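# Breakdown of the fold
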Amino acid sequence: MADYTKEIEKRRTFAIISHPDAGKTTLTEKLLLYGGAINLAGSVKAKKTAKHAVSDWMEIEKQRGISVTSSVMQFNYGDYCINILDTPGHQDFSEDTYRTLMAADSAVMVIDASKGVEAQTKKLFKVCVMRNIPIFTFINKMDREARDTFELLDEIETVLGIQTCPINWPIGSGKNFKGVYDRETKHISRFFAANNGQKTVDTIEVELGDEELDTLIGKENHAILADEIELLDGASSEFDLGLVREGKLSPVFFGSALTNFGVETFLKHFLNMTTTPLSRRSNEGLIDPVKNEFSAFVFKIQANMNKAHRDRVAFMRICSGKFEAGMEVNHIQGGKKMRLSQPQQLMAQERKIIEEAYAGDIIGVFDPGIFSIGDTICMPDQKFAYEGIPTFSPEHFAKVRQVDTMKRKQFLKGITQIAQEGAIQIFQEFNTGMEEIIVGVVGVLQFDVLKFRLESEYGVEIRLENLAFEHIRWIENKGIDVSKLSVTSDTKKVRDMKGNPLLLFVHSWSIQTVLDRNKELKLSEFGRE
Ligand code: GDP
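Residues numbered from 1 in each chain as written. Predicted model: local features only at pLDDT ≥ 70, side-chain atom pairs only at ≥ 80, totals over all residues.

What follows is about the overall build of the protein chain. Along the protein chain, the regular secondary structure elements total 13 helices and 33 strands. Residues classed as buried in the protein chain amount to 44% of the 529 residues present. Of the contacts made within the protein chain by residues no fewer than 6 positions apart, 69% connect residues no fewer than 24 positions apart. (Helix = DSSP H or I, 4+ residues; strand = E, 2+ residues; numbered from the N terminus. Buried ≥ 20, exposed ≤ 12 C-beta atoms within 10 Å, placed from the backbone. Contact = placed C-beta atoms within 7 Å.)

It is worth spelling out helix H12 (residues 445-458) at this point. Over its 14 residues, H12 runs 19 Å from end to end, which matches the ideal 20 Å to within 8%, given 1.5 Å per residue. Among all positions of H12, only Gln446, Phe447, Val449, Leu450, Arg453, Leu454 and Tyr458 are buried. In a view along the axis of H12, the buried residues occupy a sector of 160°, so they form one face of it. After H12 finishes, the residue glycine 459 shows a positive phi value of roughly 65°. (Expected span 1.5 Å × (residues − 1). Arc of directions from axis to C-beta.)

A large share of strand S14 (residues 295-303) lies buried, amounting to eight of its nine residues. Looking at chain direction, S14 and strand S15 (residues 312-320) are connected through eight bridges and run antiparallel. Looking at the pairing, alanine 303 lines up with arginine 312 of S15. Bridge count between S14 and strand S23 (residues 376-378): three bridges; the pairing is antiparallel. Bridging from a neighbouring strand, serine 295 pairs with cysteine 378 of S23. (Pairing = 2+ DSSP bridges.)

To continue, consider the environment of asparagine 292. Relative to the assigned elements, asparagine 292 resides in the loop between strand S13 (285-287) and S14. Judged by C-beta crowding, with 20 C-beta atoms within 10 Å, asparagine 292 ranks as buried. C-alpha separation for the pair asparagine 292 and threonine 276, spaced 16 residues apart in sequence, amounts to 15 Å. The residues touching asparagine 292, leaving out its near neighbours within four places in the chain, are Ile287, Ser320 and Gly321.

So, about the site of the ligand. Contacts to the ligand come from 16 residues, most closely from Gly23, Lys24, Thr25, Thr26 and Leu258. No other element matches the three residues that helix H2 (residues 24-34) contributes to the shell around the ligand. (Near = placed C-beta within 6 Å.)

Here we have eight strands laid out as an open sheet, ordered S28-S25-S27-S26-S30-S31-S29-S32, and antiparallel in their pairing. Looking at strand neighbours, the two that pair on one side only are strand S28 (462-467) and strand S32 (523-524), the edges of this open sheet. In this sheet, strand S31 (residues 501-505) lies alongside strand S29 (residues 471-475) in antiparallel orientation, the contact comprising four bridges. For histidine 471, the partnering residue across the bridge sits in S31 and is phenylalanine 505. Relative to the sheet, helix H13 (residues 509-517) contacts S29, strand S30 (491-496), S31 and S32, its axis offset from that of S31 by approximately 135°. (Axes fitted to C-alpha atoms, helices over the stretch in contact; angles between N-to-C directions.)

Turning our eyes to something else, we now look at unusual backbone geometry. Within the chain, lysine 141 stands out as a residue other than glycine whose phi angle is a positive 65°. Taking the number of C-beta atoms within 10 Å as the measure of exposure, lysine 141 has 26 and is therefore buried.

Let's shift gears to the sheet that holds strand S6 (residues 163-166). The strand order S2-S3-S1-S4-S5-S11-S6 describes an open sheet built from seven strands, whose pairing is mixed. Only two strands of the sheet have a single neighbouring strand rather than two, namely strand S2 (72-77) and S6. Ignoring which end each strand starts from, the neighbouring axes of this sheet average 30° apart. Across the sheet, helix H5 (residues 119-130) is in contact with strand S1 (11-18), strand S4 (106-112) and strand S5 (135-140); its angle to S4 comes to roughly 160°.

The subject of this paragraph is the confidence of the model for the protein chain. Chain-level pLDDT for the protein chain is 83 on average; 85% of the residues reach the 70-or-more range. The complex model carries a pTM of 0.80, and its ipTM stands at 0.99. (pLDDT = per-residue confidence, 0-100.)

Okay, the packing of H2 against helix H10 (residues 263-273) next. A pair of packed helices can be characterised by two numbers: the angle between their axes and the separation between those axes. Across the interface, H2 lies against H10 with an axial gap of 10 Å and an inter-helix angle of 75°. Our classification of the angle between H2 and H10 gives roughly perpendicular. On H10, the residues touching Leu27, Lys30, Leu31 and Tyr34 of H2 are Val263, Glu264 and Leu267. (Parallel < 35°, antiparallel > 145°, perpendicular 65-115°, else oblique.)

Here the focus is the nonpolar core. By size, the foremost hydrophobic cluster in this structure holds 125 residues, and its most contacted members are Leu101, Ala107, Val298, Phe299, Met316, Ile318 and Val439. Here this core takes six residues from S15, the largest share from any one element. Residues in contact with valine 439, not counting those within four places in the same chain, are Phe397, Ala398, Val400, Ile424, Ile426 and Leu450. (Core = buried A, V, L, I, M, F, W, Y, C linked by C-beta atoms within 7 Å.)

Mapped onto the elements of the fold, alanine 296 is located in strand S14. Distance from alanine 296 to cysteine 378, taken between C-alpha atoms, is 6.4 Å for residues 82 residues apart in sequence. Excluding residues that lie within four positions of it along the chain, alanine 296 makes contacts with Met316, Arg317, Ile318, Cys319 and Ile377.

Right, let's get into the packing of helix H11 (residues 408-420) against H12. Running from N to C, H11 and H12 cross one another at 125°; their axes reach a closest spacing of 10 Å. By the angle between their axes, H11 is oblique relative to H12. For the pair H11 and H12, the crossing hand works out as right-handed. For the pair H11 and H12, the contacting residues are Gln410, Lys413, Gly414, Ile415 and Ile418 in the first and Leu450, Arg453, Leu454, Glu457 and Tyr458 in the second. A class-by-class count of the residues in the contact of H11 with H12 yields five nonpolar, two polar and three charged. (Left-handed = near helix turned anticlockwise from the far one by under 90°. Nonpolar A, V, L, I, M, F, W, Y, C, P; charged D, E, K, R; others polar.)

For the rest of this paragraph, the subject is helix H6 (residues 149-160). An ideal rise of 1.5 Å per residue puts 16 Å on twelve residues; H6 measures up with 16 Å between its terminal C-alpha atoms. Packed against the buried residues of H6 are H5, S5, S6, strand S7 (168-171) and strand S11 (249-254). Of the residues trailing H6, glycine 161 is marked for its positive phi of about 70°.

Here is the structure:
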C-alpha cells in the first residue's frame, strides 16, 4: 500500500447546501471554529458586508453582497482533514452549485426550521439524487419558532423523496427551546439562550420518564418529548448506514447554528457516517482513490480572480493518489503532458500555494486557457478519462448584441471564455457564423454577470434582448440533417459551442409535437461538457 493511504483516509469532502438565509454561512463558520481554522466567529460572514472575505473574488459579489463563486475551505478536526465546498446561496448561481456537488462525496443540507424545504433546496437535491450523494440534514434555527417536527420530516420525505432518520430530536422551539434528545445515547443536551457561540453545552444522561426531567425541561415538555419519541420509534425509518451512503436515507439533526447549539454533535456524528474519498467512474472503470496514483478532474473554472493579473484558475478535485507541486501530468482532453503551475488551496481565509495534496482535496491551478469543465488530469503514463459532468439546461435565453461592432474580437474572446467557465452557454443559429449569438442561462442574474464582466474585463458593451424560449433539448441522433426536421413555429434550431445540434422551444407541448412529427428523433435534456 502506498504511504499516502493514511492521508487519504483522513479526508472527508462535502458540500454544504441550502436555500439563501437558512444559515449555511453561519453553520460553516461554526464548523471552521471547531477546527480552529478561524478564531473569530463572523469571519466567513464578512462576505455579506463587502469587507474582504473568503470567497469575495469578484467585483460583482461585493456590489451585490452575494456570493457568486463557490469556495473551498480545509481544516483539521481530531484525526480528520475536512474539505468544505461552500456553494453560492443565491438561486441564480445554481449551475455553479451543481458542479460543486460533483466534486463532493456528501452534502449537508441546511433547512430553516420555520420554513421547511424551499425552492433552492429542491433543485440542489435533484442533483444529489442523480449522483446518489449521501445527504445529511441540519434543521437550523430551533431557537426560533419552528414548524412541527413531524411535519418538517414529512415534507422532506414527500417533497424530496428521501427517507429520514432523526439522530436527535428537538425539545420545543423558539422561546421554549430546551435542547435536543439524542436517540441513541438517550442523552439530553440542554440549550441555554445565553451560551452564544460557546463550545460547551450541558449534556445530561437521562431516562425519559425520570422525574428529574420535569424540573430540567418542564413537565409539559417532558410529556411531549416522551410521546413524540414513542411515536417516532414506531414510525420512522431505522438507521441504516448502507442506505445513508447510497443517498436513500438522510440522517437528520436539529440545532441552532447561530448560538452554536448542536453543531459539534452534528459534526461528530456526520464524520462517523460520511465516507472517505470515493472511487469515481472513468472510461476504464472505477478509479480507486488509494490504489491509483494522482488523478483529478476539473469541476470549475474561474477567470480573473485577480484582476491585476487577469488570471484564470481551474479548480480540480483530486480523485486518487497524491499530488506534488511541479509533477508532470497528462491533460487527457488537451492531449498534452504538462506541469500544473501555482497549485493553491484555500485555508479558511487565505489562498496559499501548496506543495502536496491528496485524493479528496480540491486544488486550484493556474489555467492558461486550456482547461474545460470535466477535463481529466492524470499521470503521464495513464490515459483514462473521468465521466463528464452533465450540463444543466438553461431556462432563460437572450440574443446578444454588441454596442460597438468594432470590438468584435474582444467580444468573441470574452463571451467564449465566459462560456468555457460554464457560467453561460452560447448557441448559434444554423448556417450562420458568430453574427448572432444566443445566450442561455440557468438563472437570470447570470445575464447581469455576463454584461458586467464583458464590460469590466473585456471592455465590451452589450445589449441583451430576452427571448421567449424556455425549453432546450439536445438532438441525440448522430449525423442527422437538422434542416429536414419538421418543427413547430415556436421552435428554433441552433447548435452549441461544440457544434452539437439542439432545439429551443417556447412551449413545452411543442417538444412532444416535434417528436411526433419526426419519428426517429431522439432528444435529451442534458448536454455533455
Ligand atoms: P445563508 O444565506 O444560508 O448563508 O444564511 P446565513 O448563515 O447568512 O444566515 C441568515 C440569517 O439567519 C443571518 O441573519 C443569521 O444570523 C441568521 N441565523 C443563522 N442561523 C441561525 C440560528 O440558528 N438561529 C437564528 N435565530 N438565526 C440564525
